[in-house]
Structure formats: C-alpha cells, structure tokens
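The chain contents come next:
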Amino acid sequence: MSLAVIQMVSQSDVLANLAQARRLLEQAAAGGAKLAVLPENFAAMGRRDIADIGRAEALGEGPILPWLKQTARDLKLWIVAGTLPLPPLGQPDAKSHACSLLVNDQGETVARYDKLHLFDVDVADNRGRYRESDDYAYGSGVVVADTPVGRVGLTVCYDLRFPELYSELRAAGAELITAPSAFTAVTGAAHWDVLIRARAIETQCYVLAAAQGGTHPGPRETFGHAAIIDPWGRVLAHQDQGEAVLLAERDSDEQASIRARMPVTNHRRFFSQGAQRPASEHEFKA
C-alpha cells in the first residue's frame, strides 16, 4: 500500500504548474504509489485573481479540474489535489473555498474538504501580513473517505495548529491524514516538524505532509520539508527544499499494534464547558 507525497515550487503560471505536477505524479505512479498528495496551491501561487480561477473551474471553463481527472485516470492513481479555489457547489459566483479534492483512479471526485482554518496572521518575513480570508471563505465539517490505502482524513496547512480537528478525524475512523501545505519559511522553521509529528503521534495515523518548498511570486518563501510520518511519529521520508516525490509503505499491521498497545482513544477524557473544576492539591490538603 504505497503512499506518495509531492513537494513543488509552484509559480503563477497554472499550465506550467500542472505540467510539473503531472511529471511528479508520473514518478509517484512509477514508484508504485496508490495514492499521492499534492501540496497546497499546487496549481498557482501568488495569484490575486482567486475569484476568477474558482469561477472558471466551477463553470467547467478552467484547466485544473479536467487535468486532475485525466491525470488520475491515465496514471491509475488516487490523488489528493492539495488545494485549488472552488466556490460552493452550484454557486459559481460565490466566494471560493480553499478546496482539497480526493479523486479516485477513475477520475471521480470521492471527497471534498474546504479548509476550516484560514491563515490570517502577521509573520516576521518580507511579506509580513497574510489574510487568506480576503480571498477564501471558511469551510465547515470534518471529511474522511475510504481509499485503497486506508481511511483518509483531509486537512490543509494551518489546520495543523488545531489538534481538536485531528481528534475528530481519528474518531471518524481516519488511518491516514493528509496535510498539503505552503508554510512560510519563518513559521515552518519554528513549528512544522513538531506539528506534523505531533499530529501523527496523538492520532496514531500516518500524516502525509505535502509541501511547497522554495521561492514564489509575491515575493514569498515557503519552508518545504515535505514528509511522511508514521503513527509512532517516525519520519519515513523527507525533503528539505525543491521539488520531490517521497514514497513510503503503510504497514497496517504495525499501526493496529501501536493502537492496541497504547489505546489513547479509550483513555481520552473531555471537559465540557462549565464542568466542575478539579480540586487543586492545596484544596485537597485543606
């Protein structure tokens, strides 16, 4: 059950990016992958016409969705299409979501995840200010789907900072979790490796962390360090910068053993809002 994670350095030219992605996916398929994950914004980076791109795709006039379906069919490959701008179904003029699509090897869309957490932060880099909500609408809902390599939960980039989402995915039966990303160089250097390993350890899932890794229009520098992490938090494959195809195998027996030996989902305790606060050590002594 081979897994592939793609790292790219996408630019503003959609067709050039699609050609690059096709070449990398061909390498993944040749390496035996059954499922491959593309990074966030794989088809375009640094574009300001997000609304136009999303509307064209929704109306069947854009190049990205036809390319995605044809590539999946040609390569007999399940693909998690990082993110692309797509408005809600049936609403081509609505604000787009940062949408991650799961497409099967017949070119059929199996699942759609609209990014829940949008990157509205200030970063100490040459850009300084990021406001994804200017271009994208907030998503809603947790998405999991069955694939030939296991039950996959979908997330995107900034979601990595919100562990409750990953707990929900595990509760929904996820065995693998995708995290296509475009972390900034600054935030990535500080937190990326810790976050992707932590999400794998706490959920006991494989984390498939596709990434952008280089310099893009804007200007914008992304951290890269795409990786495949196993349920014990081990790094099975990794790439610092530049384009890459990472391959690893899912060992379902070992994953089941990890979960049986350390049944964290059975041990988890939740505190509802307004629940009685546990007594402190001082209060017990009193």
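These figures come from a predicted structure and were not determined experimentally.

Applying the stated rule across the entire model yields one cavity of 30 Å³ or more. Taken together, 13 residues form the lining of the largest cavity, with Phe119, Cys157, Ala182, Phe183 and Arg220 sitting closest to its centre. The residue makeup of the lining of the largest cavity, split by class, is five nonpolar, three polar and five charged.

Side-chain direction in a regular strand flips from residue to residue, so the side chains alternate between the two faces of the sheet. For strand E3 (residues 78-86), the buried fraction is high: nine of the nine residues fall into the buried class. Bridge analysis of strand E2 (residues 33-37) against E3 gives three bridges, and the strand direction is parallel. Residue Leu35 lies in a different strand from E3, and its bridge partner there is Trp78. One ladder, built from six bridges, connects E3 with strand E4 (residues 97-103); its direction is antiparallel. In the sheet register, Ile79 faces E4, and the bridge partner there is Val103.

Glancing now at unusual backbone geometry. With omega at -10 degrees, the peptide bond leading from Gly218 into Pro219 counts as cis. Within the secondary structure layout, Pro219 lies in the loop between strand E13 (215-216) and strand E14 (220-221). One non-glycine residue, Gln204, lies in the positive phi region at around 55 degrees. Relative to the helices and strands, Gln204 is located in the loop between helix H5 (185-203) and strand E11 (206-209). Although it is not a glycine, His225 sits at a positive phi angle of roughly 60 degrees. Here His225 lies in the loop between E14 and strand E15 (226-229).

Procedures and definitions
- Residues numbered from 1 in each chain as written.
- Predicted model: local features only at pLDDT ≥ 70, side-chain atom pairs only at ≥ 80, totals over all residues.
- Heavy atoms only, no water.
- 1 Å grid on protein atoms, 1.4 Å probe; cavity = no way out; pocket = protein on both sides within 12 Å on 5 of 7 lines; lining within 4 Å.
- Points joined across faces, edges and corners; volume = space filled by probe spheres on them.
- Nonpolar A, V, L, I, M, F, W, Y, C, P; charged D, E, K, R; others polar.
- Buried < 20%, exposed > 50% of the residue type's maximum accessible area, 1.4 Å probe, protein only.
- Helix = DSSP H or I, 4+ residues; strand = E, 2+ residues; numbered from the N terminus.
- Pairing = 2+ DSSP bridges.

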